[in-house]
Amino acid sequence: MRKSRAMNLGTGLFVLLGFAALFFLTTQTTNRGVSFHSEPHYRVTAKFDNIGDLKVGAPVSMAGVEIGRVVGIGFDSRDYKAVVAMNLNAKYNQIPTDSDASIYTQSLLGGKFVGISPGGAETYLKNNDQIAFTQSAFVLENLIGQFLANFGKSSDHSKSAAGAGGQVK
Amino acid sequence: MNQTSAIIEIRDLSYAVGGRTIFDKFDMDVARGRVTAVMGPSGTGKTTLLRLITRQVRADSGSIRVAGAELGALTHAEIFALRRRMGMLFQNGALLTDLSVFENVAFPLREHTRLDERLIRNLVLTKLQAVGLRGAAELGTAELSGGMARRVALARAIVMDPEILIYDEPFVGLDPISKGVVLRLIRRLNDALGLTSILVSHDVHEIASVADAVFLLSGGKVVAHGTPQELQSFPSEVVKQFVGGLADGPVPFHYPAPDYYGQLLARDGAP
Amino acid sequence: MNLFADLWASMSDSLVRLGDIVGFLGRIMLQVPRALLRFQLIVDQVYNAGALSLVIVMLSGLFVGMVLGLQGFELLQRFGSEQALGTAAAIGLVKELGPVVTALLFAGRAGTALAAELGLMRATDQLSAMEMMAVDPIRRVVAPRFLGGVIAMPLLAAIFSMIGIYGAQLVGVQIMKVDAGSFWSQMRASVHLIDLNEGIVKSCVFGVACSLIAVYEGYHAAPTAEGVGAATTRTVVTSAVIVLFLDYLITAFFL
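Residues numbered from 1 in each chain as written. Chains lettered and ligands numbered in written order. Predicted model: local features only at pLDDT ≥ 70, side-chain atom pairs only at ≥ 80, totals over all residues. Heavy atoms only, no water.

A. Structural context of the overall build of chain A. Counting secondary structure elements, chain A contains 3 helices and 8 strands. Going from N to C terminus, chain A has its helices and strands arranged as α-α-β-β-β-β-β-β-β-β-α. Of all 169 residues assigned to chain A, the portion counted as buried reaches 32%. (Helix = DSSP H or I, 4+ residues; strand = E, 2+ residues; numbered from the N terminus. Buried < 20%, exposed > 50% of the residue type's maximum accessible area, 1.4 Å probe, protein only.)

B. Examining the pairing of strand β9 (residues 213–218) of chain B more closely. Residues and elements named next belong to chain B. Sheet topology places strand β3 (residues 35–39) next to β9; 4 bridges connect them, and they run parallel. Across the sheet, the residue bridging to Thr36 is Ala213, located in β9. The turn linking β9 back onto strand β10 (residues 221–226) is made up of 2 residues, and Gly219 within it adopts a positive phi angle of 60°. (Pairing = 2+ DSSP bridges.)

C. A look at the nonpolar core. Among the nonpolar cores identified, the biggest contains 107 residues, and Leu49(B) and Ile28(C) are the most heavily contacted of them. Top contributing element to this core by residue count: helix α6 (residues 137–175) of chain C, with 18 residues. The residues contacting Leu49(B), other than those within four sequence positions of it, are Ile10(B), Leu13(B), Phe23(B), Phe26(B), Met28(B), Val38(B) and Leu217(B). Among the nonpolar cores identified, the runner-up in size contains 48 residues, and Ala37(B), Met39(B), Leu89(B) and Val214(B) belong to it. (Core = buried A, V, L, I, M, F, W, Y, C linked by side-chain atoms within 4.5 Å. Contact = heavy atoms within 4.5 Å.)

D. Region of interest: the environment of Gly86(C). All names here are of chain C. Summarising the element assignment, Gly86 is placed in helix α4 (residues 85–123). A relative accessible area of 0% places Gly86 in the buried class. Note: C-alpha distance between Gly86 and Asp125 (39 residues apart in sequence) is 53 Å. Setting aside its immediate chain neighbours within four residues, Gly86 contacts Phe183 and Met187.

E. Here's a closer look at the packing of aromatic side chains. One pass over the full model with this rule turns up 10 aromatic pairs over all chains. For the pair Phe24(A) and Trp184(C), a centre-to-centre distance of 6.3 Å together with 85° between the ring planes defines the contact as edge-to-face. On the criterion of chain membership, the pair formed by Phe24(A) in helix α1 (residues 2–28) and Trp184(C) in helix α7 (residues 180–190) is interchain, its members lying in two chains. With relative accessibility at 9%, the residue Phe24(A) sits in the buried group. Counting every residue linked through ring pairs, the aromatic cluster contains Phe24(A), Tyr166(C), Phe183(C) and Trp184(C). (Phe/Tyr/Trp six-rings, centres within 6.5 Å; stacked < 30°, edge-to-face > 60°.)

F. Structural context of the sheet that holds strand β7 (residues 164–168) of chain B. All names here are of chain B. Spatially, the 6 strands line up as an open sheet ordered β6-β7-β8-β3-β9-β10, and their pairing is mixed. The open sheet terminates on both sides in strands that have one partner only, identified here as β6 (86–89) and β10. Here the average twist between neighbouring strands, direction ignored, is 15°. Where β9 and β10 come together, 5 bridges link them in antiparallel fashion. The partner of Ser218 across the bridge, within β10, is Lys221. (Axes fitted to C-alpha atoms, helices over the stretch in contact; angles between N-to-C directions.)

G. Summary view of unusual backbone geometry. Even without being glycine, Glu169(B) reaches a positive phi, approximately 50°. A positive phi angle, close to 60°, is found at Ala134(C), a residue other than glycine. Along the polypeptide, Ala134(C) turns up in the loop between α5 (126–132) and α6. Overall, the relative accessible area of 3% leaves Ala134(C) in the buried class.

H. Broad picture of the interface of chain C and chain B. Taken together, the 17 residues of chain C in the interface contact 21 residues of chain B. Across the chain C to chain B interface the summed buried area is about 1700 Å²; carbon plus sulfur atoms make up 59%. Among the residues chain C hides against chain B, the three largest losses belong to Met132(C), Met133(C) and Ala134(C). Together they make up 39% of the total. In this structure, Asp98(B) engages Arg145(C) in a salt bridge whose closest nitrogen and oxygen atoms are separated by 4.0 Å. Viewed at the interface, chain B and chain C are joined by 8 residue pairs in polar contact (both at pLDDT 80 or more). Contributing elements (two or more residues each) for the side of chain C that touches chain B: α5 and α6 of chain C. Here the side of chain C that touches chain B takes 6 residues from α5(C), the largest share from any one element. (Buried area = accessible area lost by both parts, 1.4 Å probe. Salt bridge = Lys/Arg side-chain N within 4 Å of Asp/Glu carboxyl O. Polar contact = N/O pair within 3.5 Å; in protein donor to acceptor, adjacent residues only side chain to side chain.)

I. A look at the arrangement of the chains. Out of 2 pairs of chains that touch, the pair holding the most contacts is chains A and C. Between chain A and chain B there is no contact, and the shortest C-alpha to C-alpha separation is 10 Å.

J. Inspection of the interface of chain C and chain A at higher detail. At the interface, 35 residues of chain C touch 28 residues of chain A. Summed over both partners, the interface of chain C with chain A comes to about 2700 Å²; 73% of that surface belongs to carbon and sulfur atoms. On inspection of chain C and its partner chain A, the count reaches 0 salt bridges. Between the two partners, chain C and chain A, sit 2 residue pairs in polar contact (both at pLDDT 80 or more). Looking at the side of chain C that touches chain A, the elements with two or more residues in it are α2 (39–49), α3 (54–77), α6, α7 and α8 (193–219) of chain C. Here the side of chain C that touches chain A gets 9 residues from one element, more than from any other, and that element is α6(C). Along the lines of polarity and charge, the residues of the side of chain C that touches chain A split into 24 nonpolar, 9 polar and 2 charged. (Nonpolar A, V, L, I, M, F, W, Y, C, P; charged D, E, K, R; others polar.)

K. The pattern of salt bridges, seen in detail. Taken as a whole, this structure holds 29 salt bridges over all chains when the rule is applied. Among the ionic pairs, Glu103(B) bridges to Arg110(B), the shortest N-O distance being 3.0 Å. For Glu103(B), a relative accessible area of 21% corresponds to the partly exposed category. Where Arg187(B) meets Asp212(B), a salt bridge forms, and the shortest distance between an N and an O atom there is 3.1 Å. Of this pair, Arg187(B) sits in helix α6 (residues 176–193) while Asp212(B) sits in the loop between α7 (204–210) and β9, and the two are 25 residues apart along the sequence. In this structure Asp212(B) comes out as partly exposed when scored by relative accessible area, which is 25%. Each of the salt bridges in this network shares a partner with another, and the network as a whole consists of Lys95(C), Glu96(C), Asp195(C), Glu198(C), Lys202(C) and Asp247(C).

L. Up close: the pairing of strand β1 (residues 41–48) of chain A. All names here are of chain A. The alternating pattern of β1 places Tyr42, Val44, Ala46 and Phe48 on a buried face and His41, Arg43, Thr45 and Lys47 on a face that is not buried. Summarising the sheet, β1 and strand β4 (residues 81–89) pair through 8 bridges and their orientation is antiparallel. Along β4, the bridge assignment pairs Arg43 with Asn87. As paired strands, β1 and strand β7 (residues 129–131) are joined by 3 bridges and run parallel to one another. Considered in β7, the bridge of Ala46 is made with Ile131.

M. Structural view of the packing of α6(C) against α7(C). Residues and elements named next belong to chain C. Two elements in contact, α6 and α7, have axes whose closest approach is 10 Å; the angle formed by their N-to-C orientations is 145°. Between α6 and α7 lies a crossing of right-handed hand. Contact residues: Ile165, Tyr166, Ala168, Gln169 and Val173 in α6; Ala180, Phe183, Trp184 and Met187 in α7. Class assignment of the residues belonging to the contact of α6 with α7 gives a composition of 8 nonpolar, 1 polar and no charged. (Left-handed = near helix turned anticlockwise from the far one by under 90°.)

Take a look at the structure:
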């Protein structure tokens, strides 16, 4: 009987630890974290030509500081743009309405995030406002295309220059 | 053979396992209220007989009637109900190692009845008193000697007040004192509780002092039956060898082997 | 040609065994409702399977997490992405290493104990004695042990993953100077509930598999010393193979 009581205690502790671990994993490692939901926030949207592989849950930062999260990604079929919905922490309620939102890359392998650069207006973003100035994500293929196009042009120049300068023996 | 009715009737029992015939048209009656012993050389299937009676294995053919019920026709639930009226003492006690002595004896009560805790306690202590181990109730199974373990198993076997008590080789490995204790218990319990006891053993002397009827098995058949005294003077070589403990006879001393000189002198060392 | 015959024989043996094991699961499930009535038995078995495995699971989780932190850091550094260490560690542990390594440890520690215990009960006639006393050994002995393992496994895997993440953090943040904020925020951004679900499903399935194999081998062990030894060996080997195979199936299913 005594042995049974110690066993039950041990089992109880074990099960408690197990559920604590599950709770930890659910809340502290995923983006459905408890910590965020408890803070008040307001919602803004922004339209982009191309969001690249921006994901829901990506951070929104300003001057490198995280001020919110992307909570929804949609598509506007009237102007063929991506609509990104963001929840910004209510603490940061002095963002000028003419700020611009761009999509940056975190690192070589990293995901995309939204960075906001402040404008100079004296009115601030409120709940359900839209950020008017946006810059799309950096897409590798476009850059390579541009690079090749430029490269082609400059090599044409050097060819004609060489041709005009006569043959080199 | 007996005027009292037989509580177990076996007719024409046949059972083979792995190609070996163990029982071949076997007949036996166990009288109610008596101590019946089943003896025989090792390997004649004495333990198998017990398993057949309790239907832990099924016979190939023939009939086994226990308390009037034909075993082959019973459902699983009916067999379980029948087994509750039987108690079995296994060769090594077969106590549950994770339970104490008390809990072991209380086990059938806890599993099959919803008795009050105090009632269970009284029943268990009474049975332990009957086998002389009431003081050992709180010991663990590891602390028991072989003889004590067997007595606890006996207490467990009688805790549900069975009608039939089966002992599988109860004297094996016991010192003379413990043997004496077990013998006394077998006789007293049988008479005091009105049980039918079936004893499987090959200890001729012990059986002679406690059994009312003896069946001697050999080759899958009953070669002799009667009271222990009758068996001492039974006119059969098989019985004489067994009862007398003779080294050679119908059960040969030598395991079958090729010619002795031939093997010793064999040139190429063939076995 | 003999090789093929032997191969075929061992494969069909394994298939037959697999069928037997599934059949055994059916028998156990039939007895589970009544076994639940003796809740104390199940609690005892959760203790045996879970609480007693805590030490090895926590130690292993710590070391695996630390190695993950080290290796992950070294690898990510080649791409300049060492800030993603949190993500790498969390996903690696929660989806794969947690369930799989815990299952293997469980099979080795708790599985063999279960198989040996049941095998010994078989060898000392305790199971036969129970049948003789009209107590179904599957309900009284096997089902509680099976349920104990099934309950303990997912909890052990969660504990392993949690300690592993801290181990990775220990190495990454304290030693390798990865930014603590990035470690956790990147993890939170990239690890989704579906990943966690996958890990939980895996650990539950592995729990059923390992517990089932352990009780099956123990219950059907040959009643000799070698029989019990063979049963424990088979428990570990079969559990390992089945767990790794199921791991692939479940991973593919979630993708």
